[in-house]
Amino acid sequence: MRIALLQGEAVPLDLERNLSTIRDAAARAREAGAELLLAPELFISGYAPRELAGWLTAERVAGIPAALARIAKEAGIAVASGFPAARADGSFAIAAGLWDADGVEVLRYEKVHLWGSDEPLAFTASSDRPGVAEWNGRRVGFQICYDIEFPEPIRSLAERGADLVLVPTAIDGVSDYIPEVLVRARAAENSLVVAYADHAVGGDGNPSPDTFAGLSVVAGRDGAVHAAAGRGSELLLADIPDVIPVETGADYLRDRRPEVYSGWR
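All values derive from a computational prediction rather than experimental measurement.

Student: What is the right way to read the overall build of the chain from this model?
Tutor: Looking only at helices and strands, one finds nine helices and twelve strands in the chain. Across its three principal axes, the chain shows a C-alpha extent of roughly 50 × 45 × 40 Å. In the chain, which comprises 265 residues, the proportion classed as buried is 52%. Residue pairs in contact within the chain that sit at least 24 positions apart in sequence constitute 70% of those at least 6 positions apart. Accessible surface, the chain as shown: approximately 11,500 Å² in total, 49% of it carbon and sulfur. The chain carries 25 positive and 39 negative side-chain charges, and their two centres are separated by 4 Å.

Written out as structure tokens, the structure is:
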């Protein structure tokens, strides 16, 4: 299966422009033979929690899921992206969703681990268990950015048979170790594929604490890199392997001993 990751520059608070960027990327990904396009964390609104804190209303974000569904259907490709979502209680979530090539919503997820002091200004963390959904012969789950840096959530997905985990992210330019080390480790220790899509660095192209890192990556079940991006804007294509049981070598899911670990607490 071929998938595509959009590593691009979103414009804060400009929903139409950011949706247009995804629409263009979806068309290019489909033309390149991809079955799925993954966009970064909060790409539809731009990742700007401080600005979003004073801008978000339920009315402003209500149409985002339908817009993403239309893009998927028009382009004939599944689309996954991060976006802000309103809850019935008046709070907002950092969310991600997957729509299939017919525009049908397959999966929705809300971020569990909020990052730093800015994200809580606009958003409330979720406590819901991440779901797993069937899509094109795969079992798919979501994590969002900081979530993937914790081993427990993705292990929960792996225990329920997930073989592809989509991770919209927005890491800063001094956190290269996450795509270079942690993403590969999470893929290997859970015997699945992790697709990790970040924003492009932007500006003068030099990463710093005030920029994004870029470095979007797709890592396989043995920790191998199937595709890796640089710092700038690009459409990253990756051919991911079929779901094949591990025959030899380390199988961390099979060989772990949770009944032993539980006695260590």
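Student: Would you take a moment to explain the layout of surface pockets for this structure?
Tutor: By rolling a water-sized probe across the atoms, one finds the places where empty space is left. Looking at the largest pocket, its volume works out to about 610 Å³. Along the wall of the largest pocket there are 32 residues; nearest its centre are Tyr47, Ala170, Asp172, Thr211 and Phe212. For the lining of the largest pocket, the elements supplying multiple residues, two or more each, are helix 2 (49-53) and helix 7 (177-190). Looking at which element gives the most residues to the lining of the largest pocket, the answer is helix 2, with three residues. When its volume is computed, the second largest pocket comes out at roughly 410 Å³. Together, Pro151, Glu152, Arg155, Ser156, Glu159, Glu189, Asn190, Arg256, Pro258, Tyr261, Ser262 and Arg265 line the second largest pocket. Looking at the lining of the second largest pocket, the elements that each hand over two or more residues are helix 6 (151-159), helix 7 and helix 9 (258-261). Top contributing element to the lining of the second largest pocket by residue count: helix 6, with five residues. Classifying every residue of the lining of the second largest pocket by side-chain character gives three nonpolar, three polar and six charged.

Student: Mind showing me how you'd approach the side chain of Ser216 here?
Tutor: Within the secondary structure, Ser216 sits in the loop between strand 9 (193-197) and strand 10 (217-219). Here Gln7 takes part through its side chain, which lies 2.7 Å from a polar atom of the side chain of Ser216. Setting aside anything within four residues of it in sequence, one finds Ser216 in contact with Leu5, Gln7, Tyr196, Ala197, Asp198, Ala227, Ala228, Ala229 and Leu236.

The rules we used
- Residues numbered from 1 in each chain as written.
- Predicted model: local features only at pLDDT ≥ 70, side-chain atom pairs only at ≥ 80, totals over all residues.
- Heavy atoms only, no water.
- Helix = DSSP H or I, 4+ residues; strand = E, 2+ residues; numbered from the N terminus.
- Buried < 20%, exposed > 50% of the residue type's maximum accessible area, 1.4 Å probe, protein only.
- Contact = heavy atoms within 4.5 Å.
- Areas by Shrake-Rupley, 256 points an atom, 1.4 Å probe, with all protein chains shown as cover.
- Lys, Arg positive; Asp, Glu negative; His and termini not counted.
- Charge placed at Lys NZ, Arg CZ, Asp CG, Glu CD.
- 1 Å grid on protein atoms, 1.4 Å probe; cavity = no way out; pocket = protein on both sides within 12 Å on 5 of 7 lines; lining within 4 Å.
- Points joined across faces, edges and corners; volume = space filled by probe spheres on them.
- Nonpolar A, V, L, I, M, F, W, Y, C, P; charged D, E, K, R; others polar.
- Polar contact = N/O pair within 3.5 Å; in protein donor to acceptor, adjacent residues only side chain to side chain.

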